[in-house]
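What the coordinates show
For reference, the chains in residue letters:
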Amino acid sequence: AQTVTQSQPEMSVQEAETVTLSCTYDTSESDYYLFWYKQPPSRQMILVIRQEAYKQQNATENRFSVNFQKAAKSFSLKISDSQLGDAAMYFCAYRSGLQGAQKLVFGQGTRLTINP
Amino acid sequence: EAGVAQSPRYKIIEKRQSVAFWCNPISGHATLYWYQQILGQGPKLLIQFQNNGVVDDSQLPKDRFSAERLKGVDSTLKIQPAKLEDSAVYLCASSLAFLGRVVDEQFFGPGTRLTVL
């Protein structure tokens, strides 16, 4: 079974600075997808960024980018120019590439605090 | 486009009582998921529907949890009888379908926070 581990329960950063959230995963599959979700206090999970394992290029979405190290099974999220609205729980998630296997396997989450 | 709707937003019950949660997915989404999120943890899949058929219910405690998706649209998740450890947020999500290499995004509802006393 696949597992996802986030070793940082909490992180904090000054507004406008850069922060990196860590995620490692364990799988025997070669085809899979990785995601970062944001969960604000409203509880609604919002997709931040995703990475296909077969793509070597790291995904970027505006101020959000990932460092995907497939051999090391590492998938970190970098948030540049942090804003107060970035404060939330962040979850790393794994999804198998097998057709029909669509469930997301989540890590334990990292609570990100933005200091003004 | 309207998002995933869930009700109620909050529910407080006593142990051994029953409770039901409702989810209305995004129109046209064939796949529907129910996740359980215990405080301090990431969500865990309970059950996945493709249209009105069950794809994965391997982590659903079937002795007390049940779910159905009538006509492949709305879904109801029921707990009977509830235990203290069922206190959690229950998230519903929906997606179009798995289209080979095209990753269909899962859209989440706001969740129902259940407290079992």
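Residues numbered from 1 in each chain as written. Chains lettered and ligands numbered in written order. Predicted model: local features only at pLDDT ≥ 70, side-chain atom pairs only at ≥ 80, totals over all residues. Heavy atoms only, no water.

The next point concerns the pattern of salt bridges. Side chains that differ in charge, positive against negative, can pair when their charged atoms come close. All names here are of chain A. According to the stated counting rule, one finds five salt bridges over all chains in the structure shown. A salt bridge links Lys 55 to Glu 52; the nearest nitrogen and oxygen atoms lie 3.9 Å apart. When its relative accessible area of 12% is taken as the criterion, Glu 52 is described as buried. (Salt bridge = Lys/Arg side-chain N within 4 Å of Asp/Glu carboxyl O. Buried < 20%, exposed > 50% of the residue type's maximum accessible area, 1.4 Å probe, protein only.)

With that settled, consider the state of the cysteines. Applying the stated criterion to the full structure yields two disulfides over all chains. Sulfur-sulfur distance for the disulfide between Cys23(A) and Cys92(A) comes to 2.0 Å. On the S-S bond that ties Cys23(A) to Cys92(A), the torsion sits near -70 degrees, and the link is left-handed. Taken as a pair, Cys23(A) in the loop between β3 (19-21) and β4 (24-26) and Cys92(A) in strand β10 (residues 88-96) lie far apart in primary sequence, 69 residues in all. Each member of the pair, Cys23(A) as well as Cys92(A), is classed as buried. Between the sulfur atoms of Cys23(B) and its disulfide partner Cys92(B) the distance amounts to 1.9 Å. (Disulfide = S-S within 2.5 Å. Helix = DSSP H or I, 4+ residues; strand = E, 2+ residues; numbered from the N terminus.)

This part covers the interface of chain A and chain B. Every contact between the two is made by 25 residues of chain A and, on the other side, 33 residues of chain B. Broken down residue by residue, the surface that chain A buries against chain B is led by Arg43(A), Gln102(A) and Lys103(A), which jointly contribute 32%. At the junction of chain A with chain B, the criterion picks out zero salt bridges. Where chain A touches chain B, the interface holds six residue pairs in polar contact (both at pLDDT 80 or more). Secondary-structure elements contributing two or more residues to the side of chain A that touches chain B are β5 (32-39), β6 (46-52) and β10 of chain A. (Contact = heavy atoms within 4.5 Å. Buried area = accessible area lost by both parts, 1.4 Å probe. Polar contact = N/O pair within 3.5 Å; in protein donor to acceptor, adjacent residues only side chain to side chain.)

Quick look at unusual backbone geometry now. That bond from Ser7(B) to Pro8(B) is cis: its omega, -10 degrees, falls within 30 degrees of zero. Of note, Pro8(B) is situated in the loop between β1 (5-7) and β2 (10-13). Cis geometry is found at the peptide bond from Gln80(B) to Pro81(B), where omega equals -5 degrees. With respect to the secondary-structure elements, Pro81(B) resides in the loop between β8 (75-79) and β9 (88-95). Backbone geometry places Arg43(A), a non-glycine residue, at a positive phi of 80 degrees. Summarising the element assignment, Arg43(A) is placed in the loop between β5 and β6.

What follows deals with the packing of aromatic side chains. Tallying each qualifying case throughout the model produces 15 aromatic pairs over all chains. Geometrically, the ring pair formed by Phe65(B) and Tyr90(B) is tilted, given 6.4 Å between the ring centres and 40 degrees between the ring planes. Of this pair, Phe65(B) sits in strand β7 (residues 65-69) while Tyr90(B) sits in strand β9; the two residues are 25 residues apart in sequence, bridging distant segments of the chain. Among the residues examined, Phe65(B) registers a relative accessible area of 3% and is labelled buried. Among the residues examined, Tyr90(B) registers a relative accessible area of 0% and is labelled buried. Put simply, the rings of Phe35(A), Tyr37(A), Phe91(A), Phe106(A), Tyr33(B), Tyr35(B) and Phe108(B) pair up and form one aromatic cluster. Directly above the ring of Tyr10(B) sits Arg43(A), whose terminal nitrogen or CZ lies 5.1 Å from the centroid. Lying across the ring of Tyr33(A), Arg95(A) places its NZ or CZ 6.0 Å from the centre. (Phe/Tyr/Trp six-rings, centres within 6.5 Å; stacked < 30°, edge-to-face > 60°. Lys NZ or Arg CZ within 6 Å of the ring centre and 35° of its normal.)

Turning next to the confidence of the model for chain B. Summing up the model confidence of chain B, the mean pLDDT is 92 and the portion of residues at 70 or higher is 93%. No element of chain B has a lower mean pLDDT than strand β6 (residues 53-56) of chain B, at 90, and none a higher one than β8(B), at 98. (pLDDT = per-residue confidence, 0-100.)

All right, on to the pairing of strand β5 (residues 44-50) of chain B then. All names here are of chain B. Along β5, five of the seven residues are buried, which leaves the element largely enclosed by surrounding structure. Where strand β4 (residues 31-37) lies against β5, six bridges are found, and the strand directions are antiparallel. Its bridge partner being in β5, Tyr 35 is matched across the sheet by Leu 45. Taken together, β4 and the strand that follows it, β5, pair antiparallel across an intervening segment of six residues, in which Gly 40 is found at a positive phi of about 85 degrees. (Pairing = 2+ DSSP bridges.)

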